[in-house]
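Architecture and fold: a report
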Amino acid sequence: MSGDSGQVSVAPPPGEVEPGSGVRIVVEYCEPCGFEATYLELASAVKEEYPGIEIESRLGGTGAFEIEINGQLVFSKLENGGFPYEKDLIEAIRRASNGEPLEKITNSRPPCVIL
């Protein structure tokens, strides 16, 4: 219908606004603790799902692995004792990109995995 001027929520066509655009993630992590690899792995998974997302890393204090989405702390290793599951972070990003309220991620995987 050519006369409609209302907003419609549909996935943008290729070449237009990418999913995750307008969502900003800041990950603060402890480099001496060896958490950079975890950050890079998480950032890669997020970028694969949301190519338009902005991810910034900052060096943090001992034991830190803190994640903010649009300025709101959504995950804290200092509080949870582990690292976030990728699926939980992806879900939080989805909520943020849809303008939904964010909730803190409370699930965490153990900080060390012995293979």
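The rules behind these values
Numbering of residues starts from 1 in each chain and follows the order in which that chain's sequence is written. Confidence filtering applies because this is a predicted model: local features only for residues at pLDDT of at least 70, side-chain atom pairs given and counted only at 80 or more, and all residues used for totals across whole chains, interfaces and linings. Computation of side-chain values covers all heavy atoms of the structure but excludes hydrogens and water. Comment: elements are numbered from the N terminus, with helices defined as DSSP H or I runs of at least four residues and strands as E runs of at least two. Exposure classes here rest on a 1.4 Å probe applied to the protein chains alone. A residue is buried below 20% of its type maximum, exposed above 50%, and partly exposed in between. Should any heavy atoms of two residues lie within 4.5 Å, those residues are considered in contact. Disulfides are defined in this document as cysteine sulfur pairs within 2.5 Å. By convention, a stacked pair of Phe, Tyr or Trp rings (six-membered ring in the case of Trp) has centres within 6.5 Å and planes under 30 degrees apart, an edge-to-face pair has planes over 60 apart, and any other such pair is tilted. A patch is a set of surface residues, each over 30% in relative accessible area and not in a salt bridge, joined within 9 Å for like charges and within 5 Å for the nonpolar side chains Val, Leu, Ile, Met, Phe, Trp and Tyr. Note on areas: Shrake-Rupley with a 1.4 Å probe; residue coverage comes only from the protein chains shown. Counted as salt bridges are all cases of a side-chain nitrogen of Lys or Arg within 4 Å of a carboxyl oxygen of Asp or Glu. His is not counted, nor are the chain ends, whereas Lys and Arg count as positive and Asp and Glu as negative. Lys charges are placed at NZ, Arg charges at CZ, Asp charges at CG and Glu charges at CD.

Once that is clear, we can look at the overall build of the protein chain. Of the regular secondary structure elements, the protein chain holds three helices and four strands. Mapped from its N terminus to its C terminus, the protein chain presents α and β elements in the order β-α-β-β-β-α-α. A total of 115 residues make up the protein chain; the buried ones form 33% of that total. Within the protein chain, contacts between residues separated by at least 24 positions form 69% of all contacts whose residues are at least 6 apart in sequence.

As used in these notes, a disulfide is a covalent bond between sulfur atoms, one from each of two cysteines. Throughout the structure, instances matching the rule amount to one disulfide. The residue that forms a disulfide with C30 is C33, at a sulfur-sulfur distance of 2.2 Å. Between C30 and C33 the sulfur-sulfur dihedral comes to about 70 degrees; the bridge is accordingly right-handed. Assessed through its relative accessible area of 2%, C30 is described here as buried. When its relative accessible area of 33% is taken as the criterion, C33 is described as partly exposed.

Take the packing of aromatic side chains next. Scanning the model with the defined rule gives four aromatic pairs in all. On the basis of an interplanar angle of 80 degrees and a centroid distance of 6.5 Å, the ring pair of F35 and F65 is categorised as edge-to-face. Note that F35 is positioned in the loop between β1 (24–29) and α1 (36–49) and F65 in strand β3 (residues 65–69), a separation of 30 residues in sequence. Given a relative accessible area of 11%, F35 falls into the buried group. The interplanar angle of 85 degrees and the centroid separation of 4.9 Å between the aromatic rings of F35 and F83 together place this pair among those described as edge-to-face. One end of the pair, F35, is in the loop between β1 and α1; the other, F83, is in the loop between α2 (77–80) and α3 (86–97), and 48 residues separate them in sequence. Assessed through its relative accessible area of 2%, F83 is described here as buried.

For the rest of this paragraph, the subject is a negative patch on the surface. There is a patch of like negative charges on the surface, built from E41, E48, E49 and E86. Per element, the largest residue contribution to the negative patch is three residues, and it comes from α1. Considering the arrangement of structural elements, one finds E86 in helix α3.

All right, on to the environment of D88 then. Mapping D88 onto the fold places it in helix α3. A relative accessible area of 16% means that D88 is categorised as buried. Along the sequence, D88 and N107 sit 19 residues apart, while their C-alpha atoms lie 7.9 Å from each other. Contact partners of D88, with chain neighbours within four places excluded, come to I105 and N107.

Function cannot be read off these values alone, since they describe shape.
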